[in-house]
Amino acid sequence: MTLKPHLGVRILMKDKVDWSAIGPEEVVAMRAKSEKLMSSPLLRFVTGRPDPGARVEERFLDLPGRRLRLRAFRPVRAEGPLPLVLSFHGGGFIGGLPEQNDWVNSGMSAALGAVVVGVDYRLAPDHPAPSAVDDGIAAIEALAEDPFGWNLDPEAIAVFGESAGGRSPPSWPCALARQAPVFGLRSSPTRLRTGQRQ
């Protein structure tokens, strides 16, 4: 097992770092540097502009003891009720922002006619495990109730993520299926295809 992080992280950081000796303070400082880069015009140059077929809005989800920032893309042309897709960014559970997925989330929203929401879940070391998992489950439960009036279909919910953001979602349907009668969620998935639900 290697102690070095993903190549992309090392390129973004550019600095020489002794990864075996890094502590929580350095992780937080590196995250701040990375977040600044991810919200810069340089990132748009690398990843491309968001799809014009979706409009973006920032919302906040108030949960017990915390507030999650959401970056939502809604299709310009779609009739409801609309499917909901929750997107969880990568970053090793210590970094990353929903903005790094703007290009894919906006494209998905436009192509599927779905509301695609990037969740700014809590990160370590400030919020150790299972904070990110708890935030994901809480976001699904809360957004299934359509708190922002997006005209969502509570039976058409999908979850995806990349890297660390893709590690937790597979466990969430199991947790939610056990609680389905409480939250009114069906445990069987709804398939999403471009432009229509099946």
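Notes on the structure follow. Throughout, a residue's number is its position along its own chain's written sequence, starting from 1. Confidence filtering applies because this is a predicted model: local features only for residues at pLDDT of at least 70, side-chain atom pairs given and counted only at 80 or more, and all residues used for totals across whole chains, interfaces and linings. To obtain the side-chain values, all non-hydrogen atoms of the structure were used and water was disregarded.

## Looking at the sheet that holds strand E1 (residues 54-63)
At step 1: One bridge is not enough; two strands pair if DSSP finds at least two bridges between them. Labels follow the DSSP assignment, with helices taken as runs of H or I lasting at least four residues and strands as runs of E lasting at least two, numbered in each case from the N terminus. Overall, mixed pairing links the five strands, which are arranged E1-E2-E4-E3-E5 in an open sheet. One side of each edge strand has no neighbouring strand; the edge strands of this open sheet are E1 and strand E5 (152-161). When strand polarity is set aside, the average angle formed by the axes of neighbouring strands in this sheet is 25 degrees.
At step 2: Direction of pairing for E1 relative to strand E2 (residues 66-75): antiparallel, over a ladder of 10 bridges. Each residue of the ladder has a partner; that of leucine 63, found in E2, is arginine 66.
At step 3: Contact between two residues is taken to exist if any of their heavy atoms lie within 4.5 Å; hydrogens are not considered. Every axis corresponds to a line fitted to the C-alpha atoms, with the helix fit spanning only the stretch in contact, and the corresponding angles, defined between N-to-C directions, vary from 0 to 180 degrees. Running over the sheet, helix H4 (residues 102-112) touches E1, E2, strand E3 (82-88), strand E4 (115-120) and E5 and is turned about 50 degrees from E2.

## Brief notes about unusual backbone geometry
At step 1: Geometrically, the link from alanine 124 to proline 125 is a cis peptide bond, its omega value of 0 degrees lying close to zero.
At step 2: For proline 125, the position within the fold is in the loop between E4 and helix H5 (131-143).
At step 3: Cis geometry is found at the peptide bond from alanine 129 to proline 130, where omega equals 10 degrees.
At step 4: Of note, proline 130 is situated in the loop between E4 and H5.
At step 5: Its identity is not glycine, yet phenylalanine 93 carries a phi of approximately 65 degrees, on the positive side.
At step 6: Mapped onto the elements, phenylalanine 93 comes out in the loop between E3 and H4.

## Focus on the pattern of salt bridges
At step 1: Definition used for salt bridges: Asp or Glu carboxyl oxygen within 4 Å of a side-chain nitrogen of Lys or Arg. One pass over the structure, following the stated rule, counts nine salt bridges.
At step 2: In this structure, the salt-bridge partner of aspartate 102 is arginine 71, at a minimum N-O distance of 2.8 Å. Residue aspartate 102 is found in helix H4, and its partner arginine 71 is found in strand E2; the two are separated by 31 residues along the sequence. For the pair formed by aspartate 102 and arginine 71, the shared burial category is buried.
At step 3: A salt bridge links arginine 122 to aspartate 135; the nearest nitrogen and oxygen atoms lie 2.9 Å apart. Separated by 13 residues along the polypeptide, arginine 122 in the loop between E4 and H5 and aspartate 135 in helix H5 bring together distant segments of the chain.
At step 4: Accessibility here uses a 1.4 Å probe with only protein chains present; expressed as a share of the type maximum, an area under 20% marks a residue as buried, one over 50% as exposed, and anything in between as partly exposed. Residue classification places aspartate 135 among the buried positions, given a relative accessible area of 0%.
At step 5: By sharing partners, the salt bridges in this structure join Glu58, Arg69, Glu99 and Asp120 into a single network.

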